[in-house]
Amino acid sequence: MRRLAVVLCFAAIAGVAAAGGEVDLALGSLVYSKDSLYHRILVYQSGSVVTLRFGTHGPVLLQSQVDTNDLPRHVQEYSTLAFCGLLYQPQPARALVLGLGGGVIPRELRHYYPQLQIDVAEIDPDIPPVAERFFGFRQDQKLVVHVSDGRMFIKKQQRLNPPPKYDLIVLDAFSGDYIPFHLMTKEFLEEARGILAPGGVVVANVFYDNRLFDAEVKTFTEVFPRCQAFFGVWTANAMIVAGGPNVPVLTAQDAATRAAALQAANGFTFDMRTVAARLRPGFAPEPRARVLTDDQAPVNTLRWQEAAR
Amino acid sequence: MSDDPSRSPAPSGKHLAAATVFIACVAGWFIMQLEVLGARVLAPFFGSAIYVVMGSVIGVFLLSMSGGYILGGWLSGSRHSQSALGLCLAAAGAWLCIMPFLIHPVCEGMWAAGLNEKWGSLVAALVLFGLPTVLLGTVSPTAVRWLTRQASESGRSAGMVLACSTVASFAGCVVTAFYLVLLSVRRTMLVSGVVLLALGGTVVLHAYLSARGRQRRAGSLEAPDAGSA
């Protein structure tokens, strides 16, 4: 029933957007807007559901959506998908999240893993106050937001003595409209790998309906020996999970078994077994896809080209 | 032939005036192309925050261009202003050819020195883009000088040179930002460097041949005097 509601909601938004109509009607009334240095921040409220959007002329993209009457409920599919990394690293001690948005992913990680030390890097200083005011996000000793470009944060962490080692790195830094190329290149992933603990995984939130997805996957496989992908059903989100040689390669059965154990241990409000079912085990990169490098990464063109597959 | 600095080193004739404006346009194009690519080149090392692009890159370009204007103004008064301009263009081209290899060591050096983001990007931009921008900036004042036959037309020459070179800058800016950034930055720099080297070399060659031509004409005028002595 809930799932149907989410689908109808998306269908309604998509329908209105396709008709060129005013999206605001479907998301509710605009309760906050600010032109920050990086985004036009828009917050809508409809009943108890609060939505974060960045103002853009492209297709309607929701950054974060929460139900303020039921915070633990994942309104969007993609934030549940981000938990797929835990199938590979079920006991993370330290996590890094690039990109805050409404703060759903770090908040939920904090909730289910009280011992987990989480660093969040967010480039826009206007975003954390919005997350705290409208999306039930709270910082504390175990959940710290750093206002910084994601790559710069990683570079600085690399130079600490001793450098921290993260068990989970979640890459969720793009608004979907404009993509900063320097967070997608081979050299960037090598820097991320440098602060990844053995057995740790990088989980990257990507859109799979364009050519950029093929290039991203190819770039990941250049840097990490283990790469798998989980595909969303309700939206075109996918999660690329990548790690070093200590990280297992899961079959559908492995994923289901691990998911059942995690669900029993943590009691997630979403069903971890559904997340596990999103794994596409035989998935391989498109052979002719381009590897993105600091020298050449035409990300914003690839992003608008239809996927080859 | 007397050394009349207001006459000898400048190219003369309509087609050479067009060539002068053309060189000013080429310099204008490459300055903006370098600026747009510069921001892209620094992003992996200093991020894409506002102060990197606006503060460091644009700031360094403005400063370097003013340095180029001073240098160009001074060089334009010299007898050898054509060769000087040619050498400036060629040197800028040579720098662009080697610059891709300097990016990594310079930027990492900033981090190693403890400068990051703001000051690191400023110093890196200065080290990487300062010199070619100064060299390309020498073109405008020299071009104005060459096009001005009389002091009273200097405003018109300046207007013409600046207008044309700024339109070329606009084109360089837009083409780079929309299309060239999709290609390999290293290759774009190399191609640009080779073009500037070729153009600079052509100017130097032209200066040399013109000087030789003048010497020969001066020599043939004197010969009858010597003969009749």
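Here's what I pulled together on the structure shown here. (Residues numbered from 1 in each chain as written. Chains lettered and ligands numbered in written order. Predicted model: local features only at pLDDT ≥ 70, side-chain atom pairs only at ≥ 80, totals over all residues.)

## Points about the overall build of chain B
Inference 1: Within chain B one finds 7 helices and 0 strands.
Inference 2: Reading the secondary structure of chain B in the N-to-C direction produces α-α-α-α-α-α-α.
Inference 3: A fraction of 85% describes how many contacts in chain B between residues 6 or more apart in sequence connect residues 24 or more apart. (Helix = DSSP H or I, 4+ residues; strand = E, 2+ residues; numbered from the N terminus. Contact = placed C-beta atoms within 7 Å.)

## Looking at the interface of chain A and chain B
Inference 1: Between chain A and chain B, the contact holds 15 residues from the first and 13 residues from the second.
Inference 2: At 3 residues, the largest contribution of residues to the side of chain A that touches chain B is made by helix α6 (residues 150–158) of chain A.

## Brief notes about the sheet that holds strand β3 (residues 49–54) of chain A
Residues and elements named next belong to chain A.
Inference 1: Read from one edge of the open sheet, 4 strands run β1-β2-β3-β4, paired in antiparallel fashion. The sheet terminates laterally at β1 (29–35) and β4 (62–67), the two strands that pair on one side only. Between one strand axis and the next, the sheet turns through 15° on average, direction left out of account.
Inference 2: In this sheet, β4 lies alongside β3 in antiparallel orientation, the contact comprising 5 bridges. (Pairing = 2+ DSSP bridges. Axes fitted to C-alpha atoms, helices over the stretch in contact; angles between N-to-C directions.)

## Focus on the nonpolar core
Inference 1: Ranked by size, the top nonpolar core spans 92 residues in total, and within it A:C84, A:V170, A:V203, A:M239 and A:I240 carry the most contacts.
Inference 2: Built from parts of two domains, this core gets at least three residues from each of domain 1 (2–67) and domain 2 (77–302) of chain A.
Inference 3: Each residue touching A:I240, except ones within four places of it in the same chain, is listed here: A:A204, A:V206, A:E216, A:V217, A:F220, A:C227 and A:A229.
Inference 4: B:W29, B:V36, B:F61 and B:M110 belong to the second-largest nonpolar core, a separate cluster that totals 57 residues. (Core = buried A, V, L, I, M, F, W, Y, C linked by C-beta atoms within 7 Å. Buried ≥ 20, exposed ≤ 12 C-beta atoms within 10 Å, placed from the backbone. Domains from an automatic or database assignment.)

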